[in-house]
Amino acid sequence: MLNRRDVIYTYDGSFEGLMSAIFDCYYSHDYPYDICNEGNMQTVLLCDYIGTSADREKAGRVMNSIFAKISSEAFYHIYCAYLSETKGREMKIFDFLHTGYKFGASVTNRMNLDSVWRLINTAKTVASEAHLYRGFIRFKKLENGIYYSEIEPKGRVLPLISHHFCERFSSMPFMIHDLNHAECLVYNGNSVEIRETDSVPLLKYAEDEQAFQEMWREFYNTITIKERRNEKCRMSLLPKRYWRCMTEFN
Amino acid sequence: MEIKEKLRILSDAAKYDVACTSSGSNRKNTKGGIGSGAEAGICHSFSADGRCISLLKILFSNYCIYDCQYCVNRCSNDTERASFTPREIADLTIEFYKRNYIEGLFLSSAVIKDPDYTTEQLIKTIEILRYEYRFNGYIHAKAIPGASKDLIAKLGLLVDRMSVNIELPSQKSLLALAPQKSKENILNPMQQIKNGITESKQELAVYRHAPKFVPAGQSTQMIIGATGESDKAIINLSQGLYKKMNMKRVFYSAYVPVGTNPLLPTTAPPLLREHRLYQADWLLRFYGFTAEELLSEKNPYFSNIIDPKCQWALEHLELFPIDINRAPYEMILRVPGIGVRNALKIVKARRYTHLTFDDLKKMRVSMKRAKYFITAEGKSYGNIWLRQELITPMLLSENGVAGFGQISLFDDQVTGEDRIKCLTGEM
């Protein structure tokens, strides 16, 4: 049994940190009022604060328990929800886990429960954004043969798309720069890592890059059937927030 | 001629081909190779007409020896002509692919010299991609009607999807508008591809590394509104193709006036009709409907104002309302407004609890249309009284189609046609 208390747990913002915080909640039998990122926290009156630190062993135990007692599908939803960077995602994850430990693997089918649909809907926004970026990312060839691309996603999609691109372009070095979250996925032909960045590097494009961009724009414009123009339809399938980073609209 | 110029001419000539799907293939990347297939397919962009761009859709050449009246590339038409070389297409595909512009290649061609020569050129192009560049991305190739069996078999082993266009929905129309193409020329390669796919699947079950023949299946397309076939005839034909030819997809393309033949219409493309056919097509493939259920001899066209599923439900009110907690999955699928995903969600969740309308809302099941046809725990939604003459106007007013003022059910000329098109999205 967890006791509902007016207590707020804080963590360092990493996934490991969040899992450790959840471990500490269960360890001290607390159902917290909130779990907050230390970085952007607002003090609430009449609440106690408990700081937690990321601990590999604690996080590992929570993750293992999710796989063992709930399901890997549930873990995927939790991870996606964590990446969504939305407000209140930590408590959604906590509520979901609490329900999950009660019902086991069937929890992901019980979409009528508040804790379940709230989490799964949050997770889906990130997962579907990641799916769209699989298509909407545009690489530009740099002078040194690296393919570079910029994106501006709402959630942190890089961990979700990394496998797709590394498999597809297994022998081609590329970088995907997430400007909104100052992260960069770097693949050198062998190994992949996500680095933190602070600024946009000075870019020198390869000589033939401009020519291919023009050809692509030419193709994009000619493939439209003028008699069937439907801006509204395009807008709903390819919202304008993606346009800034796409070659065909520059 | 510069390659950019060729690209402009030959993509312009290919734009009337509808198929731009990249689903169904899960080809893996090989060591040192480039590319992979994504089972669900990936859209890389959307053009201003709202259609998905997923493949580099081009013709190999538009120097055609045929004179099909509905086609822009007919030899009697005065249009710019160009031809690629196999090397040019392969290079362009790889460069576009590396920049993640596209998911793969859609290669079709006008008939140069004869069908065999054309097919050989297509094979040459794809061989460069597959063997030289070790390209494992998606390739969709057109089988040219009349090409020899050996060549089609060879092409099938290289590509992910193949298609033979049925072009027009009846033999009569084909005879009138495309006299050089015969029914046999179209159906024979289709049959051959179907048999090839079946054989390949059997071999794969025995030998894991057996070569895959057209792993993403075959598709076809037909032009709507150029000739006088009814919706019923078209949907019946599609059903036949799905059943007998194991088609993955049948595409419909509203006829855009490009011809000058007096037999052809010159009006704007019938987009709404095309949309209704797609809706019906989905009902055939995913919802367990048959063509005979959707349209009858008395009523061979789909309604302009409501979708085929609603139309069917209103004609079969004796089956409704259904209890969301008890009705079989097949019946839930037939409720207007509930799709495959929502039906699955409902069936999964109701194993654990009695669902109420509130639960359905939480599960993001749209109640707009469904509320007239379902009950939960013995109650209807907001005590709606089920009567056909009431439901139809209510449905329409909520769709925003009829707008203000008196609604006339018998008026086929809906002024809000454009608004429907915008509402429905994908064409």
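The structure under discussion appears in the preceding block.
Residues numbered from 1 in each chain as written. Chains lettered and ligands numbered in written order. Predicted model: local features only at pLDDT ≥ 70, side-chain atom pairs only at ≥ 80, totals over all residues. Heavy atoms only, no water.

Helices and strands together make up the secondary structure of chain B, namely 16 helices and eleven strands. Computed over its C-alpha atoms, the radius of gyration of chain B comes to 24 Å, within 12% of the 22 Å expected for a compact globule of 427 residues. Expressed as a percentage of the 427 residues in chain B, the buried residues total 57%. Sequence separation of 24 or more characterises 67% of the internal contacts of chain B that already satisfy a separation of 6 or more. When the accessible surface of chain B is split by element, carbon and sulfur atoms take 52% of a total near 18500 Å². (Helix = DSSP H or I, 4+ residues; strand = E, 2+ residues; numbered from the N terminus. Rg over C-alpha atoms; globule rule 2.2 N^0.38 Å. Buried < 20%, exposed > 50% of the residue type's maximum accessible area, 1.4 Å probe, protein only. Contact = heavy atoms within 4.5 Å. Areas by Shrake-Rupley, 256 points an atom, 1.4 Å probe, with all protein chains shown as cover.)

Here we come to the sheet that holds strand β9 (residues 322-323) of chain B. Residues and elements named next belong to chain B. In space, the three strands of this open sheet follow the order β9-β10-β11, with mixed pairing throughout. Both outer strands of the open sheet, β9 and β11 (379-380), are each paired with one neighbouring strand and no more. For β9 and strand β10 (residues 374-376), the ladder comprises two bridges, and the chain directions are parallel. Counterpart to Ile 322 in the pairing with β10 is Ile 374. (Pairing = 2+ DSSP bridges.)

Residue and element names in this part refer to chain A. In space, the three strands of this open sheet follow the order β4-β2-β5, with parallel pairing throughout. Where the open sheet ends on each side, the last strands, each with one partner, are β4 (34-37) and β5 (48-51). Strand-to-strand, the axes of this sheet are offset by a mean angle of 30 degrees, without reference to chain direction. Here helix α1 (residues 15-27) sits on the sheet in contact with β2 (7-11) and β4, set at roughly 150 degrees to β2. Along the sheet, helix α4 (residues 89-103) makes contact with β2 and β4, crossing β4 at roughly 140 degrees. (Axes fitted to C-alpha atoms, helices over the stretch in contact; angles between N-to-C directions.)

Residue and element names in this part refer to chain B. Given a rise of 1.5 Å per residue, 13 residues ought to cover 18 Å, and the 19 Å separating the end C-alpha atoms of helix α2 (residues 86-98) matches this to within 8%. Those residues of α2 that fall on the buried side of the exposure criterion are Pro 86, Ile 89, Ala 90, Leu 92, Thr 93, Ile 94, Glu 95, Phe 96 and Tyr 97. Among the residues trailing α2, Asn 100 stands out with phi positive, at a value near 60 degrees. (Expected span 1.5 Å × (residues − 1).)

Attention shifts here to the nonpolar core. Within the largest apolar cluster, 192 residues are counted, with the highest numbers of intra-cluster contacts made by Ile 35, Phe 174 and Ile 176 of chain A together with Phe 96 and Leu 360 of chain B. Here Leu 360 of chain B is in contact with Ile 324, Ile 346, Leu 355, Val 365, Met 367 and Ile 374 of chain B, once residues within four sequence places are set aside. Tyr 148, Met 175, Cys 184 and Val 186 of chain A belong to the second largest nonpolar core, which has five residues in total. (Core = buried A, V, L, I, M, F, W, Y, C linked by side-chain atoms within 4.5 Å.)

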